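# Coordinate analysis (summary)
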There are 2 protein chains.
Amino acid sequence: MTTIRDIAKAAEVSVATVSRVLNNNGYVHVDTRARVLKIIKEFNYRPNAVARSLYKKQSNTIALILPDITNPFFPELAKAVEDALNLYGYTLMLCNSDERPLKEREYVEILKQKYVDGVILVSHTLAPEDLERLGLPVVIVDRNVHGKIPTVLSNNIGGARRGTRFLKEKGYKVIAHLRGPENIVTSNERYQGYLDVVADESWFHEGLTAVGNYNMKESVTATKELITKYPEIDAIFSGNDVMGVGAVKAVQEMGKQIPDDIGIIGFDGITLGEMIYPELTTIAQPIYEMGVLAARMLIKLIENKPLNTTFYEFPIKLIERKTTR
Amino acid sequence: MTTIRDIAKAAEVSVATVSRVLNNNGYVHVDTRARVLKIIKEFNYRPNAVARSLYKKQSNTIALILPDITNPFFPELAKAVEDALNLYGYTLMLCNSDERPLKEREYVEILKQKYVDGVILVSHTLAPEDLERLGLPVVIVDRNVHGKIPTVLSNNIGGARRGTRFLKEKGYKVIAHLRGPENIVTSNERYQGYLDVVADESWFHEGLTAVGNYNMKESVTATKELITKYPEIDAIFSGNDVMGVGAVKAVQEMGKQIPDDIGIIGFDGITLGEMIYPELTTIAQPIYEMGVLAARMLIKLIENKPLNTTFYEFPIKLIERKTTR
DNA sequence: TTGAAAGCGCTACCAT
DNA sequence: ATGGTAGCGCTTTCAA
């Protein structure tokens, strides 16, 4: 490996000078500068990032902690984050927490040991107090934590209302809801939005909501039970697209027609919704933009630049596809 | 931040001794050891990984370079790799190459600067020579590169034959093929396997193969064109599941019945295949196992342990679901 | 069994 | 405009 000393020697200057041209700071004569640059190129020299990190206490890498990259929502977010990070010269560490608080905590410790500069946290299990004590810049995506931690999310309640209302407008009469885990904010908000729209309907009762825990398998089962038990159901507002896709599958397996017998609308706007037949109508969050913004905010935080807003809520968008009439 | 010196001071020993107990090597008296450990716990001290890296020239992190985490095959692999890595105390760097040779190359340079210990490369654009010059332990997944680089893959030709033959056995008469990109080994091998089985059939001609480039959109278009142009087609062997899912969608959009009018079989065994209706019959690779093995091999390589095999080919498995009769 | 000190490769301060 | 050098936090000789 060639080091800064080798370059200094070859260019007949001190390491200090080489460091100066490397970092573009401090005075250095144009000629020496040129000479050093030439040698650097000749040797194809690249400064050692670890040595640099040790001194500067930062690593130009940030971590993305999420429950499970296998859940189709997260790769889309991860892609956005990576793209944005790259633009600013940062590198991405991927951490699956498996929703386990312990693993999440351990990860944070390891990250600190590695001088990781900051963390983007999606759907964490850490309490706000824990987060604030983290000793690491953090931005949260997709979970509304009540604290001073910068947060990026979308209008869940509004989106849920919009989706449910849309179903009504389309003439569906009895709208069921597939909800996510009970301990997750987005899930509760979406449920709330649904309630806001339907709670006063004559046909409404609590049995119309079933828990699908944001995953396919449970959603398929839940949907079948729901429809079997309450055959009057003719529409489903699903708390996320994954469950929505599960509902589509369940309904098809039961031999019913979509969107005529049953209309379905999801939430998230992941590409999975476009991969199935019929394509899933959904309340879309701007996932990519959210990821990019989170990355940008984190970088600002890291570089001690001011944040205009510490809390950003994106509007949602109704994408009408084929699972609604 | 508390450092090794703080611990040394508090425990009234030298940093050398602390280092010894930290790393469990060299002689240290049981009592001093206990004392040091106690102080470490008291201070909740964690050694600085960067300083360690600088000295040892390794970082306990490995990188996974893949084309695009958004493609549903890769998250499953990434999950496996991460799980395995964690077991051995390694951490995962995620790098999307976007199939761009330049980005891939830049990444490798950055990784070297960071003392990343090794790389798992999926579907790279680097030539074997480049790889060998990399100066970094590498294992390749899913691409058969002819070199001495350790490789993990599955039996693509055999799998393709098996899948195509299966379609014949089920009584399908005219079998088309949706193939992947022409410059990718797995894609060519799967094509070859298809040819091996059908090339001598009276109905066979080259027009029955269409390029879907391993992605959904193109596969939908390609499938529709194929079926429109050659209405006698009654089965499709798809080079991967993503295209298979695309084919299912295309066929349904055309109003044909699966599996009666048209049978479809995919390749890969990703969970996406189970999310659609009807569920996709497929030639499954053991993706998780492949990821785990790749990680293990890489770690052995890094730790200079002997590798029993430098080339590992997994058997495939036919999973019969609902897109074939 | 323990400690002193060199050194990993770099940055930044203080001189000159 | 340039150089010398301390120091980032750790590991590992070498001596004691």
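In what follows, the structure referred to is the one given above.
Residues numbered from 1 in each chain as written. Chains lettered and ligands numbered in written order. Predicted model: local features only at pLDDT ≥ 70, side-chain atom pairs only at ≥ 80, totals over all residues. Heavy atoms only, no water.

## A short note on the protein's contact with DNA strand D
Quick note on the threshold: Whether a residue is near a molecule or strand depends on its heavy atoms: if one lies within 4 Å, it is near. Any pair of nitrogen or oxygen atoms within 3.5 Å is treated as a polar contact; in protein, a donor-acceptor pairing is required on top of that, and neighbouring residues in sequence qualify only through side-chain atoms on both sides. Strands here are runs of E lasting at least two residues and helices are runs of H or I lasting at least four, both read from the DSSP assignment and numbered beginning at the N terminus. Residue polarity is assigned by list, with Asp, Glu, Lys and Arg as charged and Ala, Val, Leu, Ile, Met, Phe, Trp, Tyr, Cys and Pro as nonpolar; anything else, Gly included, falls into the polar class.
Around DNA strand D, 29 residues are found, and the nearest of them are Arg20, Tyr27 and His29 of chain A together with Ile4 and Tyr45 of chain B. If you look at DNA strand D and keep only atoms within 4 Å of the protein, 65% of those are sugar or phosphate atoms. Residue Arg20 of chain A places a side-chain N or O atom 2.4 Å away from a base oxygen belonging to DNA strand D. At a separation of 2.8 Å, a phosphate oxygen of DNA strand D approaches a polar backbone atom of Asn48 of chain B. Only helix 2 (15-23) and helix 4 (49-56) of chain A together with helix 2 (15-23) and helix 4 (49-56) of chain B provide two or more residues apiece to the surface near DNA strand D. Tallied by class, the residues present in the surface near DNA strand D amount to 14 nonpolar, nine polar and six charged.

## Concerning the protein's contact with DNA strand C
Not every one of the 27 residues close to DNA strand C is listed here, only the nearest: Ile4, Tyr45 and Arg52 of chain A together with Arg20 and Tyr27 of chain B. Near the protein, meaning within 4 Å, the atoms of DNA strand C are sugar or phosphate in a fraction of 66%, with bases accounting for the rest. Measuring from a phosphate oxygen of DNA strand C, one finds a side-chain N or O atom of Ser19 of chain A at 3.0 Å. Between Arg52 of chain A and DNA strand C, the recorded distance is 2.6 Å, taken from a side-chain N or O atom to a phosphate oxygen. Listing elements by their share of the surface near DNA strand C, those giving two or more residues are helix 2 and helix 4 of chain A together with helix 2 and helix 4 of chain B.

## Here we look at the sheet that holds strand 8 (residues 235-238) of chain B
All names here are of chain B. Condition: Criterion used throughout: strands pair if DSSP finds at least two bridges between them. The axes used here are C-alpha line fits, helices contributing only the stretch in contact, and every angle between their N-to-C directions lies in the interval 0 to 180 degrees. Here a residue-residue contact requires only that any non-hydrogen atoms of the pair lie within 4.5 Å.
One open sheet holds the six strands; their spatial order is 7-6-8-9-10-12, and the pairing between them is mixed. The open sheet has two edge strands, strand 7 (209-211) and strand 12 (317-319), and neither has a second partner. Adjacent strand axes in the sheet meet at a mean angle of 20°, parallel and antiparallel pairs treated alike. Both strand 8 and strand 9 (residues 263-268) contribute to a ladder of three bridges, which runs parallel. When the sheet's bridge partners are listed, Ile236 is paired in strand 9 with Ile264. Where helix 9 (residues 185-198) meets the sheet, it contacts strand 6 (175-179), strand 7, strand 8 and strand 9, and its direction lies at approximately 170° from that of strand 6.

## Let's talk about the packing of aromatic side chains
All names here are of chain A. We count it as follows: The criterion for an aromatic pair is that two Phe, Tyr or Trp rings (for Trp, the six-membered ring) have centres within 6.5 Å, with stacked assigned to planes under 30 degrees apart, edge-to-face to planes over 60 apart and tilted to the rest. Summary of the burial criterion: residues with accessible area below 20% of their type's maximum are buried, those above 50% are exposed, and those between are partly exposed, where the area comes from a 1.4 Å probe applied to protein chains only. Only when the NZ of Lys or the CZ of Arg is both within 6 Å of the ring centre and within 35 degrees of the ring normal is a charge said to sit over the ring.
For the coordinates displayed, the defined rule picks out 10 aromatic pairs over all chains. Relative to Phe74, the ring of Phe73 has its centre 5.4 Å away and its plane inclined at 90°; by these criteria the two rings are edge-to-face. The residues Phe73 and Phe74 share a single accessibility class, namely buried. By the ring-pair criterion, three or more aromatic residues cluster together here, those being Tyr191, Tyr194, Trp203 and Phe204. A cation sits over an aromatic face here: Arg190 above Phe267, 3.9 Å from the ring centre.

## Observations concerning unusual backbone geometry
Residues and elements named next belong to chain A. At the junction of Ile258 and Pro259, the peptide bond is cis and its omega measures out at 5° in the coordinates. For Pro259, the location among the structural elements is in the loop between helix 11 (241-253) and strand 9 (263-268). Although it is not a glycine, Asn60 sits at a positive phi angle of roughly 55°. Examined against the element boundaries, Asn60 turns out to sit in the loop between helix 4 and strand 1 (61-66). You will see that Asn213, though not glycine, has its phi angle at about 50°, which is positive. Structurally, Asn213 can be placed in the loop between strand 7 (209-211) and helix 10 (216-229).

## Quick word on the pairing of strand 8 of chain B
All names here are of chain B. As a reminder of what qualifies: Throughout, right-handed denotes a crossover for which the path from the first strand over the helix to the second runs clockwise when the strands point away from the viewer.
Side chains Ala235 and Phe237 project from strand 8 onto one buried face, and the interleaved Ile236 and Ser238 project onto a second face that is buried too. As paired elements, strand 6 and strand 8 share four bridges and run parallel to each other. Looking at the pairing, Ile175 lines up with Ala235 of strand 8. Once you follow strand 8 into helix 11 (residues 241-253) and on to strand 9, the crossover reads as right-handed.

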